[in-house]
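Report on the structure
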Amino acid sequence: MGSTYHVYPTSDLVEHDTESEDCVCGPTVEHVPSENGDGWIVLHHSLDGREMKEKR
Ligand SMILES: [Zn+2]
């Protein structure tokens, strides 16, 4: 039995779905093996542009 952890930006403009991987931000799912089984980290992305390095 594994665990799923959600990592998401706080105070983001949108509400993140931290219950599933089907969030509007298109989170990245990383596999993390552990003693208790497979673990998963769901990395949510900020939608307010903080992660945008390229500006136009
Ligand atoms: Zn999200």
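Okay, so let's go over this structure. Because the structure is a prediction, the values reported are computed rather than measured. (Residues numbered from 1 in each chain as written. Predicted model: local features only at pLDDT ≥ 70, side-chain atom pairs only at ≥ 80, totals over all residues. Heavy atoms only, no water.)

Helix and strand counts for the protein stand at 0 helices and 3 strands. Along the chain direction, N to C, the helices and strands of the protein fall in the order β-β-β. When contacts within the protein are restricted to residue pairs at least 6 apart in sequence, those whose partners lie at least 24 apart make up 45%. Accessible surface computed for the protein: about 4600 Å², of which carbon and sulfur atoms make up 49%. (Helix = DSSP H or I, 4+ residues; strand = E, 2+ residues; numbered from the N terminus. Contact = heavy atoms within 4.5 Å. Areas by Shrake-Rupley, 256 points an atom, 1.4 Å probe, with all protein chains shown as cover.)

The topology assignment puts His16 in the loop between strand E1 (3–7) and strand E2 (28–34). A residue is classified by how much of its surface remains accessible, and His16, at 13% relative accessible area, is buried. Within polar-contact distance, the side chain of His16 engages the side chain of Asp12 at 2.9 Å. A polar side-chain atom of His16 sits 3.3 Å from a polar atom in the side chain of His44. (Buried < 20%, exposed > 50% of the residue type's maximum accessible area, 1.4 Å probe, protein only. Polar contact = N/O pair within 3.5 Å; in protein donor to acceptor, adjacent residues only side chain to side chain.)

Now for the coordination of the zinc ion. In an ideal octahedron of six donors the angles at the metal are 90 or 180 degrees, and in an ideal tetrahedron of four donors they are 109.5 degrees. Of the protein atoms, only His16 (ND1), Cys23 (SG), Cys25 (SG) and His44 (ND1) coordinate the zinc ion, at distances of 1.9 to 2.3 Å. The coordination sphere of the zinc ion comprises 4 donor atoms, whose angles at the metal cover 106 to 113 degrees; the geometry is tetrahedral. Mapped onto the polypeptide sequence, the residues donating to the zinc ion form the spacing pattern H-x6-C-x1-C-x18-H. Cys25 gets classed as buried once you look at its relative accessible area, which sits at 11%. (Donors = N, O, S within 2.8 Å, 3.2 Å for Na, K, Ca; no water. Tetrahedral: all angles 85-135°; square planar, octahedral: opposite > 155°, others 65-115°.)

Attention now moves to the sheet that holds E1. Pairing is mixed across the open sheet formed by 3 strands, whose spatial order is E1-E3-E2. The sheet terminates laterally at E1 and E2, the two strands that pair on one side only. Averaged over all pairs of adjacent strands, the angle between their axes in this sheet comes to 20 degrees, without regard to strand direction. Where E1 lies against strand E3 (residues 37–43), 5 bridges are found, and the strand directions are parallel. Within the sheet, the bridge partner assigned to Tyr5 lies in E3 and is Ile41. (Pairing = 2+ DSSP bridges. Axes fitted to C-alpha atoms, helices over the stretch in contact; angles between N-to-C directions.)

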